[in-house]
Amino acid sequence: MPVQKPISSVNDFVVRFANVNGSGSASANEMFARSILRHGVPVSPRNVFPSNIQGLPTWYEVRVTEDGHLGARGGVDMMVAMNPQTWDKDLASIEPGGYLFYDSTKPMPASKFRADITVIGVPLTAITNSTYTDPRQRQLFKNIIYLGAMCALLDMDPKLVEQLIGEQYKGKEKLLSSNIHALHLGRDWALQNLKCPIGLCIKKSDKVGDRIFIEGNSAAALGAVYGGATVCAWYPITPSSSLADAFGSHCKKLRHDPETGKAKYAIVQGEDELASIGIVIGASWNGARAFTATSGPGISLMTEFIGLSYFAEIPAVIMNVQRAGPSTGMPTRTQQCDIIACAYASHGDTKHVLLFPEDPAEAFEFAAQAFDLAERLQTTIFVMLDLDIGMNHRLCRPLKWDDAKQYDRGKVMTAEMLDDGRDFGRYLDIDGDGISYRTYPGTHPTKGSFFTRGTSRDRYARYSEEGSVYADNMQRLVRKFESAQDMVPRPLQANAAKPTKYGVIYFGSTAPAMDEAIGLLEARGHQLDRLRIRAFPFHSSVASFIADHDFVYVVEQNRDAQLRSLIVNENGIDPVRLVPIVHYDGTPITARFIAGAIGDHQDQLKLTPLRKVKS
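About the thresholds
- Residues numbered from 1 in each chain as written.
- Predicted model: local features only at pLDDT ≥ 70, side-chain atom pairs only at ≥ 80, totals over all residues.
- Heavy atoms only, no water.
- Helix = DSSP H or I, 4+ residues; strand = E, 2+ residues; numbered from the N terminus.
- Rg over C-alpha atoms; globule rule 2.2 N^0.38 Å.
- Buried < 20%, exposed > 50% of the residue type's maximum accessible area, 1.4 Å probe, protein only.
- Contact = heavy atoms within 4.5 Å.
- Areas by Shrake-Rupley, 256 points an atom, 1.4 Å probe, with all protein chains shown as cover.
- Polar contact = N/O pair within 3.5 Å; in protein donor to acceptor, adjacent residues only side chain to side chain.
- Pairing = 2+ DSSP bridges.
- Axes fitted to C-alpha atoms, helices over the stretch in contact; angles between N-to-C directions.
- Disulfide = S-S within 2.5 Å.
- Core = buried A, V, L, I, M, F, W, Y, C linked by side-chain atoms within 4.5 Å.
- Phe/Tyr/Trp six-rings, centres within 6.5 Å; stacked < 30°, edge-to-face > 60°.
- Lys NZ or Arg CZ within 6 Å of the ring centre and 35° of its normal.

**As for the overall build of the chain**
Reasoning step 1: When helices and strands are tallied, the chain shows 19 helices and 22 strands.
Reasoning step 2: At 27 Å, the chain has a C-alpha radius of gyration in line with the 25 Å of a compact globule built from 615 residues.
Reasoning step 3: By principal-axis analysis of the C-alpha atoms, the chain measures approximately 90 × 70 × 40 Å.
Reasoning step 4: Each of the 615 residues in the chain was classed as buried or not, and the buried ones make up 56%.
Reasoning step 5: Here the contacts in the chain between residues at least 6 apart in sequence split such that 75% fall between residues at least 24 apart.
Reasoning step 6: For the chain, the exposed area adds up to about 25800 Å²; of that, 51% sits on carbon and sulfur atoms.

Next comes the structure, spelled out in structure tokens:
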């Protein structure tokens, strides 16, 4: 018997499945998460998988969270240990009083267990081998058998799992019946041989509400469709490939002429990332709304064309699903490490607009908005997703769209305007906002033409290397970037319950963990105002927020505190007032990590002057 009292919790715990990549476990694990949703209980699943095809360890974590915390918590309450290679690591991650579920077909020495956890052995291999003869069936159905056992242990309604299986194998009766049989093999064995339920259990609730369960990449792809994108040019790269695939799937449903059946979109796989962004820029120059989906290594290859988009002022949208770098890095791990690379992409003095969605709902909205911004500002817009948002299912508010919305094509000079005698200079700023009028190819038979170039030119697009002409153009680009401050999504501020001298800035996928961490910090007696940045260039409220506090924590998922550096660089902030809180091991940041790092620093402040505190 364990020395530690077993954890007892209803609708609030973390289950982690440790499997071997390629074993077919992914669908069973996702079915576990979805079945809990069917009970009306929110979940937040995360898939940690290797970059090879099969053979290496993979983990699937399901946070059951009736309180609605969708960030990673940290720690594991129940480990489903299906991979002998990671046994020791998996065992060590279990919280004291937690549970270990494992295949007990072969006996294991007592030294392989812990005294402070509850061990649950189910002879999965023996059950599978006595029922199935085909090796592949044995492998696949073992996953469904342990799902059945989990249903009994957690007191889940098996009918809801059967319903999910029925939906997945609709029209495939043989697969349907065999999966349901395997489910009950595991459930019946557990009910007959184990004490069910354990201290962790699922009770039906109504906390999911009207929220939807969707991957960020799929939501962003749908946003591109609604945002008017008709061209997607891409080259496969983890973790962005599913975004381009999803765009194709959405277009098949929404972008075919109902009368002729013809496609009203183009999806082109370039020979590499450089070719892909070149196709996007060419399509955008010709009047289409176009985008590419990529990740950090792709951005590295695209920088020459990104510079052309910036200097020649051609709209483009890049969906950057960030992963761990540099170089190949960790292709299947998450980070927020492309901030500086994208903000200043290409050589020379360049600045680009970045959008930071926090979840799939904002991924949908920001992706759609990116195309308006790209055409209004006539430049590249980066939608800065990451693997945690892009490739994991997340509960979020329903996606909404106003069918009356009109696309903002920006300053486009028409044939009628040219015939009326309007002065057209492709790089002529007549409004003082830094944004010039452009024309589409073929706008007028004799007027409104210009030479698109990546070299220096004057306001009328005529080649010039005169210093004053070049400086005039570069200064106009600065005015345009300043104008973008009022066009991009503004930061969202939330104040602490009590007045405080301290604040925290964060962005993107850090948001759900940060929201939960605030409660943990308040329990330690620390109050923080918080500001979630949603775009670069930074709105003036960012500098104001920093000025209103003695110092501010900047929480981000990269080694070098890139957002902090960007804030310091763009606003002239004293770096000592911005305390970096960084997490960069490739796993999603957790509420416990944030609360621990900030709480420890706050505790030091009670004893040590600010400039002596190590940050």
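**Considerations on the side chain of asparagine 392**
Reasoning step 1: Mapped onto the secondary structure, asparagine 392 falls in the loop between helix H13 (387-390) and strand E16 (393-396).
Reasoning step 2: Among the polar contacts made by the side chain of asparagine 392, one reaches the main-chain amide nitrogen of asparagine 47 at a distance of 2.9 Å.
Reasoning step 3: A polar side-chain atom of asparagine 392 sits 3.1 Å from a polar atom in the side chain of aspartate 388.
Reasoning step 4: Setting aside its immediate chain neighbours within four residues, asparagine 392 contacts Pro45, Arg46, Asn47, Ile214, Glu215, Gly216 and Leu387.

**A few points about the sheet that holds strand E10 (residues 231-234)**
Reasoning step 1: Sheet architecture is open: 7 strands sit in the order E11-E10-E12-E13-E15-E14-E20, paired in mixed fashion. If you trace the sheet from one side to the other, it starts and ends with strand E11 (266-269) and strand E20 (535-536), each paired once.
Reasoning step 2: Bridging between strand E12 (residues 290-294) and strand E13 (residues 316-322) involves 4 bridges; their strand directions are parallel. Its bridge partner being in E13, threonine 294 is matched across the sheet by asparagine 320.
Reasoning step 3: Most of the contacts of helix H10 (residues 296-312) go to E13, to which it runs at about 160 degrees, and overall it touches E12, E13 and strand E15 (380-386).

**Observations concerning the state of the cysteines**
Reasoning step 1: Scanning the model with the defined rule gives 0 disulfides in all.
Reasoning step 2: No disulfide involves cysteine 251; its sulfur sits 8.2 Å from the nearest other cysteine sulfur, which is in cysteine 232.
Reasoning step 3: Just so you know, cysteine 342 is unpaired, no disulfide at all, and the nearest cysteine sulfur is the one on cysteine 337, 9.4 Å from it.

**Quick look at the nonpolar core**
Reasoning step 1: In terms of nonpolar packing, the biggest core is built from 79 residues, with Phe291, Met319, Leu355 and Ile505 touching the most fellow members.
Reasoning step 2: The leading source of residues in this core is helix H12 (residues 360-377), at 8 residues.
Reasoning step 3: In this structure, Phe101, Ile120, Val161 and Leu183 belong to the second largest nonpolar core, which totals 52 residues.

**A word on the sheet that holds strand E17 (residues 492-494)**
Reasoning step 1: Judged by pairing direction, the sheet is mixed, and its 5 strands sit side by side in the order E17-E19-E18-E21-E22 without closing on themselves. A strand with exactly one partner marks an edge of an open sheet, and here the two such strands are E17 and strand E22 (578-582). Averaged over neighbouring strand pairs, the angle between their axes works out to 20 degrees when direction is ignored.
Reasoning step 2: Pairing between strand E21 (residues 551-556) and E22: 5 bridges, direction parallel. Bridge assignment links valine 552 to a residue of E22, and that residue is leucine 578.
Reasoning step 3: This element, helix H17 (residues 540-547), spans E17, strand E18 (502-507), strand E19 (529-533), E21 and E22 of the sheet and lies at about 155 degrees to E19.
Reasoning step 4: Sitting on the sheet, helix H19 (residues 591-605) is in contact with E18, E21 and E22, with an inclination near 155 degrees to E21.

**Here's the deal with the packing of aromatic side chains**
Reasoning step 1: Considering all chains together, one arrives at 17 aromatic pairs under this definition.
Reasoning step 2: Plain terms: the ring middles of phenylalanine 364 and tryptophan 401 are 6.3 Å apart, the flat faces sit at 80 degrees to each other, and that makes the pair edge-to-face. One end of the pair, phenylalanine 364, is in helix H12; the other, tryptophan 401, is in the loop between E16 and helix H14 (415-419), and 37 residues separate them in sequence.
Reasoning step 3: For phenylalanine 364, a relative accessible area of 3% corresponds to the buried category.
Reasoning step 4: The class of tryptophan 401 is partly exposed, set by a relative accessible area of 28%.
Reasoning step 5: Arginine 422 extends its terminal NZ or CZ atom over the ring of tyrosine 437, reaching a point 5.5 Å from the ring centre.
Reasoning step 6: The ring of phenylalanine 311 has arginine 457 lying over it, and the distance from NZ or CZ to the ring centre is 4.2 Å.

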